[in-house]
2 protein chains.
Amino acid sequence: MGVTINDIAKAAKVSPSTISRVIANNPRISAATRERVLKIMKKMNYHPNYIARSLAKKSTRIIGLVVPGSTENSFRHPFFPEILRGIGSVAYKNGYNILISSANTAAEEKQMAKEFAVGGITEGIILMTSMIKDPAVSELKKLKFPFVVVGRPQDQNEVNWVDNNNFSISYELTNHFIAQGYKKIAFLGVSYEYTVTIDRLEGYKKALEDNGFEFDADLIVEGKFIDDKGYDLMNKLIEKDITPDAVIAIDDLIAFGVIAAIREKGLHVPGDIAVAGFNNAPLSEYMTPSLTSVEVNAFTLGVKAFELLLADIESEHKSFNRAIVPGELIIRKSSIKTF
Amino acid sequence: MGVTINDIAKAAKVSPSTISRVIANNPRISAATRERVLKIMKKMNYHPNYIARSLAKKSTRIIGLVVPGSTENSFRHPFFPEILRGIGSVAYKNGYNILISSANTAAEEKQMAKEFAVGGITEGIILMTSMIKDPAVSELKKLKFPFVVVGRPQDQNEVNWVDNNNFSISYELTNHFIAQGYKKIAFLGVSYEYTVTIDRLEGYKKALEDNGFEFDADLIVEGKFIDDKGYDLMNKLIEKDITPDAVIAIDDLIAFGVIAAIREKGLHVPGDIAVAGFNNAPLSEYMTPSLTSVEVNAFTLGVKAFELLLADIESEHKSFNRAIVPGELIIRKSSIKTF
DNA sequence: CTTATTTGCGCAATCGCTTGCACAAATTAT
DNA sequence: ATAATTTGTGCAAGCGATTGCGCAAATAAG
């Protein structure tokens, strides 16, 4: 089918090794033969077979990206594409391509991660998960395969990871409400399986504590990032006859639903209930009222993730590194007290 | 490093071929040895090397995804992640993984597509481009490599492609405005390099024509999907002292900017100027006013793209196929005439 | 003008797995 | 009981590259 290195060798009347060395720019090849070979390669429309090369060199220049659940679900949230953008931007510069796994369950995710690792396809893996106990993480740890996790993992000192300063940014956001005189601040969308929500919840608690507020478990509503709708979560609160004066949603998409639920009750945002989210969804600034949120710089998270991964791949001596990408509180109208 | 098929062979005191046949579930292997080998494989923690297998079998179970410009830019728009979701959902079921190219220029894009194809890495390529003259398309055509284009390509009868019914859906949208009595309908974000915008523009023109309206070139503003801001495009119109009573934006993200520009002039949407977009961005329904748009079912586009590609990869006799995924006009408040 | 280096290239093993062919042993047919 | 099949494995040649080692010719050093 394709023309191989041997075909070129024959045509150029040299050995295949010479061709290989021409391709590799090996200085031991004379300028004359180099030129001649290159010309023949061009004429015969030769292109190296990456699979064969990878086998021989034991290096593929491919990194794996394993996303939680299926790509089908994950990419529904703008956060993931942003990460991918970030990874892609640096990966390209370093000559790496990205292989995306498709898996549906946590078990499959682990399986895919394993195959990527032991199968010799990828040189390293970026794991987009922040589940407290992720089977893929323990698997990769066991295999001693280069990988980095996006989102603080439980065993944070034994893996590479990148994350935001979720604790402090949530602390800051909560303080923003308190400073304006809000007293009954609800926190919606907590899932104890994800460190990201745990960290944000802790920041919230600490802010309450530092301001002499009592923590009220009734103001916390559990729910998942992607699967649950903010509308339903807010209604859970309403059904229990609890009316906060401010709501922190774990994600902007949740916040949108929250606002819808509030309005359905005839109340106003921020007049009656102030609202803020996280992750600064693309359109949060365009809504009415514009939504206070936290920019998590997902793009940068992706960049840092790749950089850590590359360092891991290239380093001789294992060490575990992390990168904390600061989030930025973006105060907009939905959280500003009106008089 | 890893344990190979030979290690297993030695441990099981059989030949490597037998191991390979066990893995391949070849019926000529007796149940007894099969069991024994499987047990040893498990115990020694063996996993097949996909690179070696791919080389031997000349099949990788990987498809390539080539995106226009860099992933860095493309994934900024929700459309691409949606396509990816769709592709991923079917690819997974068929045991395919997805390799994403990162390229910055059209030339690099062509180069990547070529490498994916001739390099033996991928078995087929999905090209996310709808540029009129895409060098990657002609390259792949020349190579006779399986690929499908997302977006109607110029040589639509000589490649596989998927797309929306852009012409008719745009026709419908324009009619929606006309039916309500709008008379001066602007069309923002036309780029003559992309068939998608051309098709939509044609639908718009046809609707004007069918209703006895004269086409007014002054109402057309050129601009690019991702790079240009709707705010600037709308201001180009305003600067020329042209005030339409309705605006069709080539994309919702453009529409958002358009609305901002309109408001800055002290005008109202839809009171003074009605607005509609395309691609039904996730938050279009939540804005105030909610934005009339066209759902393009990008997920389905991705699904169809993969299906066509798979058919191409597996088919003996080449034929060119297409899939038209209907878009749906979603009428919301931004385009409803108020009295 | 030797001897030591450097330069330029070929040999052949290797990367880990697949597969057509061969062939003995076991099974079935005659 | 012999011939014809079927069953179960092994041999060895690929797949298309890379690379350590060796060696002759060219160049530099003494």
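No experiment lies behind these values; they were computed from the predicted model shown.

**Comments concerning the sheet that holds strand β7 (residues 220-222) of chain A**
The pairing of strands in a sheet comes from backbone hydrogen bonds and takes either a parallel or an antiparallel form.
Residue and element names in this part refer to chain A.
Part 1: With parallel pairing, the four strands of this open sheet are ordered in space as β7-β6-β8-β9. The sheet terminates laterally at β7 and β9 (274-276), the two strands that pair on one side only. Here the strands of the sheet are splayed against their neighbours by 15 degrees on average, with no regard to which way each runs.
Part 2: In this sheet, β7 lies alongside strand β6 (residues 185-190) in parallel orientation, the contact comprising three bridges.

**Looking at the relation of the copies chain B and chain A**
Part 1: Take chain B, turn it by 180 degrees, move it 0.1 Å along the axis, and it overlays chain A with an RMSD of 0.1 Å. Between the two chains, the operation in question is that of a two-fold axis.

**Considering the domain arrangement of chain A**
Residue and element names in this part refer to chain A.
Part 1: Parsing chain A into structural domains produces domain 1 (5-48), domain 2 (62-164 + 298-326) and domain 3 (166-296 + 330-335).
Part 2: With centres defined by C-alpha atoms, the gap from domain 2 to domain 3 works out at 29 Å.
Part 3: Each partner contributes to the interface: domain 2 provides 16 residues, whereas domain 3 provides 15 residues.
Part 4: Together, the buried faces of domain 2 and domain 3 total about 1,300 Å²; carbon and sulfur atoms form 55% of this surface.
Part 5: Contact with domain 3 buries area across many residues of domain 2, yet H77, R152 and N164 alone supply 37% of it, more than any other trio.
Part 6: In this structure, R152 and D199 form a salt bridge, with 2.6 Å as the shortest nitrogen-oxygen distance.
Part 7: When residues of the side of domain 2 that touches domain 3 are traced back to their parent elements, those giving at least two are α5 (71-74), α6 (79-93), β5 (160-164) and α13 (298-314).

**Remarks on the side chain of S335 of chain A**
Residues and elements named next belong to chain A.
Part 1: Inspection of the secondary structure assignment puts S335 in the segment after β12 (328-330).
Part 2: In this structure S335 comes out as buried when scored by relative accessible area, which is 0%.
Part 3: Those residues in contact with S335 that sit more than four places away from it in its chain are H176, F177, Q180, Y182, P270, A274, V275 and T292.

**Here we look at the interface of chain B and chain A**
Part 1: Contact residues are listed per partner, giving 47 residues for chain B and 47 residues for chain A.
Part 2: Each partner contributes to the roughly 4,300 Å² buried at the junction of chain B and chain A, and carbon and sulfur atoms together form 65% of this total.
Part 3: The tally of links from chain B across to chain A stands at ten residue pairs in polar contact (both at pLDDT 80 or more).
Part 4: Of all elements in the fold, only α4 (50-57), α5 (71-74), α6 (79-93), β2 (97-100), α7 (106-118) and α12 (252-264) of chain B reach the threshold of two or more residues within the side of chain B that touches chain A.
Part 5: By residue class, the composition of the side of chain B that touches chain A is 25 nonpolar, 16 polar and six charged.
Part 6: Strand direction decides the pairing type here: strand β2 (residues 97-100) of chain A and β2 of chain B, joined by three bridges, are antiparallel.

**Thoughts on the protein's contact with DNA strand C**
Part 1: In the vicinity of DNA strand C, 26 residues are found, and the nearest of them are T18 of chain A together with I5, S20, R21 and Y46 of chain B.
Part 2: Between DNA strand C and the protein, one listed contact pairs a phosphate oxygen with a side-chain N or O atom of T33 of chain A at 2.9 Å.
Part 3: For DNA strand C, a phosphate oxygen lies 3.1 Å from a polar atom in the backbone of N49 of chain B.
Part 4: When contributions to the surface near DNA strand C are tallied by element, the ones reaching two or more residues are α2 (16-23) and α4 (50-57) of chain A together with α2 (16-23) and α4 of chain B.
Part 5: Among the elements that make up the surface near DNA strand C, the one with the highest residue count is α4 of chain B (four residues).

**Focus on the packing of aromatic side chains**
Part 1: Under the definition given, this model contains eight aromatic pairs over all chains.
Part 2: Both rings, one in Y96 of chain B and one in F306 of chain B, keep their centres 5.7 Å apart while their planes meet at 70 degrees; by these two values the pair is edge-to-face. With a gap of 210 residues between them, Y96 of chain B in the loop between α6 and β2 and F306 of chain B in helix α13 (residues 298-314) connect regions that are remote in the sequence. You'll find Y96 of chain B and F306 of chain B in the same group, each marked buried.
Part 3: Here the aromatic rings of F177 of chain B and Y182 of chain B are separated by 5.5 Å at their centres, their planes lie at 85 degrees, and the arrangement is edge-to-face. Here F177 of chain B and Y182 of chain B have matching classes, each one buried.
Part 4: Positioned above the aromatic ring of F278 of chain A, the side-chain terminus of R200 of chain A is 4.0 Å from the ring centre.

**What to know about the pattern of salt bridges**
Residue and element names in this part refer to chain A.
Part 1: Using the criterion set out here, one finds 22 salt bridges over all chains in the structure.
Part 2: With its nearest N and O atoms 3.9 Å apart, the salt bridge here joins K142 to E139. In this pair, K142 and E139 are both assigned in helix α8 (residues 135-143), three residues apart and thus about one turn of the helix distant.
Part 3: E139 sits in the buried class, given a relative accessible area of 5%.
Part 4: D210 is the partner of K206 in a salt bridge, and the nearest nitrogen-oxygen pair spans 3.1 Å.

**Some points on α6 of chain B**
All names here are of chain B.
Part 1: The end-to-end C-alpha distance of α6, which contains 15 residues, comes to 22 Å, matching closely the 21 Å that a straight helix rising 1.5 Å per residue would cover.
Part 2: Extensive coverage of α6 is indicated by the burial of twelve of its 15 residues.
Part 3: Buried within α6 we find F79, F80, P81, I83, L84, R85, G86, I87, G88, S89, V90 and A91.
Part 4: Downstream of α6 by one or two residues, G95 has phi in the positive range, about 75 degrees.

**Let's talk about the protein's contact with DNA strand D**
Part 1: Taken together, 26 residues are adjacent to DNA strand D, and I5, S20, R21 and N49 of chain A together with T18 of chain B come closest.
Part 2: Each atom of DNA strand D within 4 Å of the protein belongs either to a base or to sugar and phosphate, the latter forming 56%.
Part 3: Residue R21 of chain B places a side-chain N or O atom 3.0 Å away from a base oxygen belonging to DNA strand D.
Part 4: Of all the secondary-structure elements, those providing two or more residues to the surface near DNA strand D are α2 and α4 of chain A together with α2 and α4 of chain B.
Part 5: A per-element tally of the surface near DNA strand D places α4 of chain A first, with four residues.
Part 6: Taken together, the residues of the surface near DNA strand D sort by class into ten nonpolar, nine polar and seven charged.

**Overview of the sheet that holds strand β3 (residues 124-127) of chain A**
Part 1: Reading across from one edge, β11(A)-β5(A)-β4(A)-β3(A)-β1(A)-β2(A)-β2(B)-β1(B)-β3(B)-β4(B)-β5(B)-β11(B) is the order of the twelve strands in this open sheet, with mixed pairing throughout. What marks the edges here is a single partner per strand, and that holds for β11 (322-325) of chain A together with β11 (322-325) of chain B. Strand-to-strand twist of the sheet, defined as the mean angle between neighbouring strand axes without regard to direction, takes the value 20 degrees.
Part 2: Bridge count for β3 of chain A against strand β4 (residues 147-150) of chain A is three bridges, and the pairing is parallel. Within the sheet, the bridge partner assigned to L127 of chain A lies in β4 of chain A and is V149 of chain A.
Part 3: Where helix α7 (residues 106-118) of chain A meets the sheet, its contacts fall on β1 (62-66), β2 and β3 of chain A together with β2 of chain B, and the angle it forms with β1 of chain A comes to roughly 175 degrees.
Part 4: On top of the sheet, α6 of chain B reaches β2 of chain A together with β1 (62-66), β2, β3 (124-127) and β4 (147-150) of chain B; it is set at about 145 degrees to β2 of chain B, its chief contact.

**A closer look at unusual backbone geometry**
Part 1: The residue after V269 of chain B, namely P270 of chain B, is reached through a cis peptide bond having omega 5 degrees.
Part 2: Cis geometry is found at the peptide bond from T288 of chain B to P289 of chain B, where omega equals -10 degrees.
Part 3: Here P289 of chain B lies in the loop between β9 (274-276) and β10 (293-295).
Part 4: Positioned with a positive phi, N25 of chain A is a non-glycine residue whose angle comes to about 65 degrees.

**Regarding the pairing of strand β8 (residues 246-249) of chain A**
Across a regular strand the side chains alternate sides, sitting on one face of the sheet and then on the other.
Residues and elements named next belong to chain A.
Part 1: Here β8 shows a buried face lined by A246 and I248 and a second buried face lined by V247 and A249.
Part 2: In terms of strand pairing, β6 meets β8 through four bridges, oriented parallel. Across the sheet, A186 pairs through a bridge with V247, a residue of β8.
Part 3: Two strands pair when backbone bridges link them, and β8 and β9 are joined in this way by three bridges, in the parallel orientation. Within β9, the position partnered with V247 by the bridge is V275.

What counts, and where the lines are drawn
- Residues numbered from 1 in each chain as written.
- Chains lettered and ligands numbered in written order.
- Predicted model: local features only at pLDDT ≥ 70, side-chain atom pairs only at ≥ 80, totals over all residues.
- Heavy atoms only, no water.
- Pairing = 2+ DSSP bridges.
- Helix = DSSP H or I, 4+ residues; strand = E, 2+ residues; numbered from the N terminus.
- Axes fitted to C-alpha atoms, helices over the stretch in contact; angles between N-to-C directions.
- Least-squares fit on C-alpha atoms with pLDDT ≥ 70 in both.
- Domains from an automatic or database assignment.
- Contact = heavy atoms within 4.5 Å.
- Buried area = accessible area lost by both parts, 1.4 Å probe.
- Salt bridge = Lys/Arg side-chain N within 4 Å of Asp/Glu carboxyl O.
- Buried < 20%, exposed > 50% of the residue type's maximum accessible area, 1.4 Å probe, protein only.
- Polar contact = N/O pair within 3.5 Å; in protein donor to acceptor, adjacent residues only side chain to side chain.
- Nonpolar A, V, L, I, M, F, W, Y, C, P; charged D, E, K, R; others polar.
- Near = heavy atom within 4 Å.
- Phe/Tyr/Trp six-rings, centres within 6.5 Å; stacked < 30°, edge-to-face > 60°.
- Lys NZ or Arg CZ within 6 Å of the ring centre and 35° of its normal.
- Expected span 1.5 Å × (residues − 1).

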